[in-house]
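Architecture and fold: a report
Below are the chains, spelled out letter by letter.
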Amino acid sequence: MQLTKEEKEMLAGKHGRAVKSSMDILVSLGEIFGAKRLIDVSSVQIAGVSYDNLGESGLNYLSDLAKDGRVRVLTTLNPAGMDMENWKRLGISPEFAEKQIRVIEAFKRMGVVTTCTCTPYFIGNVPHFGEHVAWSESSAVCYANSVLGLKTNREGGPSALASALTGKTPESGLHLDRNRQAEMVVNVAARMEDVTDFGALGYVIGKKIGKKIPLIKGVEKASIEQLKSFCASIATYGGTALFHMEGITPDRTRVPKQRVGVTQKEIDAAKKDLTDGEEADFFAIGCPHLSIREVEEVARLLSGKKVKKEMWICVARPIKRIADQIGYSKAIEDAGAKFACDTCMVVAPVRGRFKCLGTDSAKGCFYARGRHSFRTRFRNIRELIEEATR
Ligand code: F3S
C-alpha cells in the first residue's frame, strides 16, 4: 500500500501507541482487500459496544487504547447492553452495569460521543452525499450507503475504532464507485404501506439475492422509517450493504440484465414466517431505534391505556429528550411502557427472562430467535399496542 508521510509516521508509532495499533489493523486489512491506499473518513459509528459481546478481554483492549488514543473525527456508538441511566428499571444486574459503564467510560476518554444508537443519522452523525465514512452496524451501514449516499464498508468494531483514532480507512469495497453498481433488478409487485411491509420486503429480497446489490423497482414511495426497517431486514436476511431503489435513493447505477420479482403472496408468507409465537410476554418497538415521528405514534396509540406486559420503546437518548420536551414520554410512561435508551432488546442480556417477543422489526425477530431463543410475533405498532394493552 502507498502510505503518505504522515501515515508512515503513524505506523511507526510517532503519534502514540493507540494510533500505531490502529494503523497496524488498517494496513493489514487494506492489504487483505487489495487497497492501494488509505483515504480520509469524516464520520465513524462503532458497533460491539455491549459488554455482553465484548467480555473482559474487549474491555481490557478498550481501556488500553484509551490510555493515549483520541478520536480524530465525529464518532458515535452502537447500542450498549443497557440503558446507561435507567438500567435498574430494565432489570439489568449491578455486576453487568458496572462492566458496561467501564466500557462507555473508555470510549469517552477517547473522545467518542457516547450516544449509543443504531440510527446515528437521527442524532446528528449524518455526513453529506458522497462522503467516505466508517460505520459498523449493518442496518446503519445499509442506510448510509443506500439512503444517504455515503460510502462505507461494513466495519467490525475494532476496524471502526481504528478509523476513528486515525481518520483513515482502506480504499476498498464500497468506497470504490465500480463496486457500487446494481447486480440484479428486483421488480416489486406488492402493496408497500407500513413498516412491516418493508421489513417483509427486506426478508424476501435478502433471501432471494443474498449479498448482491439490487436495483429495486416498483416501490412508489417510502418514508425514512420504512427505509430504515427495510435496511435492517435486507442486511440481516441477505447481507447486502447497499441497494438502489428507483426514484427513491440518490446514487446512480447501471441497470443489470438479471431480474427477479417479488409478489404479494411472498410478502404475506414472509410475515407468517416471522410469527411463530401465540402470545407475546415481551414487546419491543424500535429496531432500528425509533424516529421522533414514530415515538409520537407510540405516544398517541398508548395515550390513556395501560400495558399489561413488559414493553420497551428503544430510542437514542437525544430522541428521548425531545420526546420529554414535547410530552410524548409522559404519555408512554403513564401507560406503563419503558424507554430503553442506549440499548435494545437484542443487545441487552434478556435471554431467559421472556418467552415470546412482539415486535415490528423483521431483524428483531431474527436475533430474538437466534440470540435469546424467544418465539416472535411480527406485527405493526398499532397491533402490538393492542396486544400489549388488552
Ligand atoms: Fe439497532 Fe438493536 Fe435492532 S442495534 S438495528 S435496535 S438489533
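Just so we're clear, the structure is a prediction, and the values are computed from it rather than from any experiment. (Residues numbered from 1 in each chain as written. Predicted model: local features only at pLDDT ≥ 70, side-chain atom pairs only at ≥ 80, totals over all residues. Heavy atoms only, no water.)

**Brief notes about the site of the ligand**
In the vicinity of the ligand, the residues found are P79, C118, E137, S139, G286, C287, P288, C344, V346 and K363. Assessed atom by atom at 2 Å from the grid points, the ligand resides in the second largest pocket. When grouped by side-chain class, the residues that make up the shell around the ligand number six nonpolar, two polar and two charged. (Near = heavy atom within 4 Å. 1 Å grid on protein atoms, 1.4 Å probe; cavity = no way out; pocket = protein on both sides within 12 Å on 5 of 7 lines; lining within 4 Å. Sits in = over half its atoms within 2 Å of the grid points. Nonpolar A, V, L, I, M, F, W, Y, C, P; charged D, E, K, R; others polar.)

**Some points on the environment of Y51**
Along the chain, Y51 turns up in helix α3 (residues 51-65). The contact partners of Y51, leaving out residues within four places of it in the chain, are E56, L59, F96, K99, Q100 and V103. In this structure the side chain of Y51 is engaged in a polar contact, spanning 2.6 Å, whose partner is the side chain of E56. (Helix = DSSP H or I, 4+ residues; strand = E, 2+ residues; numbered from the N terminus. Contact = heavy atoms within 4.5 Å. Polar contact = N/O pair within 3.5 Å; in protein donor to acceptor, adjacent residues only side chain to side chain.)

**Focus: the side chain of E387**
As for its position among the elements, E387 is in helix α14 (residues 381-389). At 2.9 Å, the side chain of E387 and the side chain of R377 are in polar contact. Among all residues touching E387, those that are not within four sequence positions of it are F283, R377 and R379.

**Here's the deal with empty space enclosed by the protein**
Enumeration over the complete set of coordinates arrives at one cavity of 30 Å³ or more. Estimates place the volume of the largest cavity at around 60 Å³. Taken together, V195, E225, K228, S229, G286, C287, P288, L290, E294, D360 and S361 make up the lining of the largest cavity. It is helix α8 (residues 224-237) that provides the largest number of residues to the lining of the largest cavity, a total of three residues. Within the lining of the largest cavity, the residues separate by chemical class into four nonpolar, three polar and four charged. (Points joined across faces, edges and corners; volume = space filled by probe spheres on them.)

**Topic: the layout of surface pockets**
What the largest pocket holds in volume is close to 500 Å³. Forming the boundary of the largest pocket are 20 residues, of which N153, R154, G173, L174 and A241 lie nearest the centre. For the lining of the largest pocket, a count of residues per class yields seven nonpolar, nine polar and four charged. In this structure, the second largest pocket encloses a volume near 400 Å³. Residue assignment for the lining of the second largest pocket shows that the elements contributing at least two residues are α5 (138-146) and α13 (362-372). Here the lining of the second largest pocket takes three residues from α13, the largest share from any one element. Grouping the constituent residues of the lining of the second largest pocket by class yields ten nonpolar, eight polar and four charged.

**Focus: the sheet that holds strand β8 (residues 214-217)**
One open sheet accounts for four strands, arranged β9-β8-β7-β10; its pairing is parallel. Looking at strand neighbours, the two that pair on one side only are β9 (244-245) and β10 (259-263), the edges of this open sheet. Along the sheet face, helix α7 (residues 195-209) touches β7 (184-189), β8 and β10 and points at about 150 degrees away from the line of β10. (Pairing = 2+ DSSP bridges. Axes fitted to C-alpha atoms, helices over the stretch in contact; angles between N-to-C directions.)

**Description of the environment of G352**
Inspection of the secondary structure puts G352 in the loop between β13 (338-341) and β14 (356-359). Residue G352 is classed as exposed on the basis of its relative accessible area of 72%. The spacing of G352 and Q325 is 27 residues in sequence and 35 Å in space, taken between C-alpha atoms. (Buried < 20%, exposed > 50% of the residue type's maximum accessible area, 1.4 Å probe, protein only.)

**Side note on the environment of T359**
Residue position: T359 is located in strand β14. On the basis of relative accessibility, which here comes to 0%, the residue T359 falls in the buried class. Residues T359 and R377 lie 18 residues apart in sequence; the distance between their C-alpha atoms is 6.3 Å. Those residues in contact with T359 that lie beyond four places of it in its chain are A284, M345, C365, R377, F378, R379 and L384. In terms of polar contacts, T359 uses its side chain to reach the backbone amide nitrogen of S361, at 3.1 Å.

Take it as geometry only, folks, not as evidence of what the structure does.
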